[in-house]
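Residue strings, one per chain:
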Amino acid sequence: RKIEELYHKLYGAFSARYPDVTFAWSYKTNYLNEVCKVYHDLGSIAEVVSEFEYQKARALGIEGKDIIFNGPYKPYADLKIAVEEGAKIHVDNLFELDDLEKIADELGVKIPVAIRINMDTGTYPQWSRFGFNYESSEAYEAIKKMYDGGKLYLNGLHTHIGTFMLDANAYKLATIKIMQLKERVERDFNAEIEYIDLGGGFASKSNLKSTYQSVDVIVPTADDYAEAIINVIYEMNKSENLPKLVLETGRALIDEAGFLLTSVH
């Protein structure tokens, strides 16, 4: 009941403001089968970061097209399966980009991919370990390399700016940069970015960080996060269609729904 309550509250805040929202359940947050099933029954697709999680989602009946394959390490054989099954692959590094070009040659197909981007959103520490950097133009250069190769094309942009984010404004800044990159890529490469993925990181009311104030005071509401992201998309979208908005919320949907019981020996 708590999972459903939290899900409907967060999803409702976004879907009431935006016509095309998809939640992707973060398997790394909790990959117990029965927990994952609850989120899938509520309408979530799967977001995975390993072959183990990918195959778990498939075993739970999730089709490849409804799996986002994230993570900094995707072995060649696993990438190939994901391509063959139509998964949404988020390219994390140049090694992966090269592997995907080889797979495109092997299968004789042009592969749609998204790219993972890290950026400065004014928070400390800055998460720079996932994907390509925005400020240094590393992300743009990786996209250019992709189009120069002619074997991949971009249909999504993804960022994951941190965890337990207590500043909703960080998501506003992230969305501004994602939308700026979207416009530039669509213009320069005649591309169509179908979706933007703002990752996860929304804070729960479990007191993860040492604070003096009540979590009811310091934790942004679902509406705060939704306003920060969606207003920017409406203001900055220059193409005919609005992009699909994907969120990979984990902690904020599960933290308050259970307790971890252990014995210490």
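Residues numbered from 1 in each chain as written. Predicted model: local features only at pLDDT ≥ 70, side-chain atom pairs only at ≥ 80, totals over all residues. Heavy atoms only, no water.

1. A look at the packing of helix α4 (residues 76-84) against helix α5 (residues 94-107)
Next, step 1: Relative to each other, α4 and α5 sit at 55 degrees, their axes nearing to 10 Å. By the angle between their directions, the pair α4 and α5 is classed as oblique. When you trace α4 past α5, the crossing you get is right-handed. Within the contact between the two elements, α4 uses Tyr 76, Leu 79, Lys 80, Val 83 and Glu 84 and α5 uses Glu 96, Asp 99, Leu 100, Lys 102, Ile 103, Glu 106 and Leu 107.
Next, step 2: Of the residues assigned to the contact of α4 with α5, the class counts are six nonpolar, no polar and six charged. (Axes fitted to C-alpha atoms, helices over the stretch in contact; angles between N-to-C directions. Helix = DSSP H or I, 4+ residues; strand = E, 2+ residues; numbered from the N terminus. Parallel < 35°, antiparallel > 145°, perpendicular 65-115°, else oblique. Left-handed = near helix turned anticlockwise from the far one by under 90°. Contact = heavy atoms within 4.5 Å. Nonpolar A, V, L, I, M, F, W, Y, C, P; charged D, E, K, R; others polar.)

2. Structural notes on the pairing of strand β1 (residues 21-26)
Next, step 1: Most of β1 sits inside the fold, with six of its six residues counted as buried.
Next, step 2: Alternating residues of β1 divide into Val 21, Phe 23 and Trp 25 and Thr 22, Ala 24 and Ser 26, and every residue in both groups is buried.
Next, step 3: Bridge count between β1 and strand β9 (residues 244-247): three bridges; the pairing is parallel. Bridging across to β9, Val 21 finds its partner in Leu 245. (Buried < 20%, exposed > 50% of the residue type's maximum accessible area, 1.4 Å probe, protein only. Pairing = 2+ DSSP bridges.)

3. Side note on the side chain of Lys 74
Next, step 1: In this fold, Lys 74 is placed in the loop between β3 (67-69) and α4.
Next, step 2: Overall, Lys 74 belongs to the buried group, its relative accessible area being 4%.
Next, step 3: Engagement of the side chain of Lys 74 in a polar contact is seen with the backbone oxygen of Gly 71, the distance being 2.8 Å.
Next, step 4: Those residues in contact with Lys 74 that sit more than four places away from it in its chain are Phe 69, Leu 79, His 90, Asp 92 and Glu 96. (Polar contact = N/O pair within 3.5 Å; in protein donor to acceptor, adjacent residues only side chain to side chain.)

4. Considerations on unusual backbone geometry
Next, step 1: Backbone geometry places Ser 137, a non-glycine residue, at a positive phi of 70 degrees.
Next, step 2: Secondary-structure assignment places Ser 137 in the loop between β6 (132-133) and α6 (138-149).
Next, step 3: Here the phi dihedral of Asn 190 falls at roughly 50 degrees; this positive angle occurs in a residue that is not glycine.
Next, step 4: Turning to its location among the elements, Asn 190 is positioned in the loop between α7 (169-189) and β8 (195-197).
Next, step 5: We classify Asn 190 as exposed; its relative accessible area is 73%.

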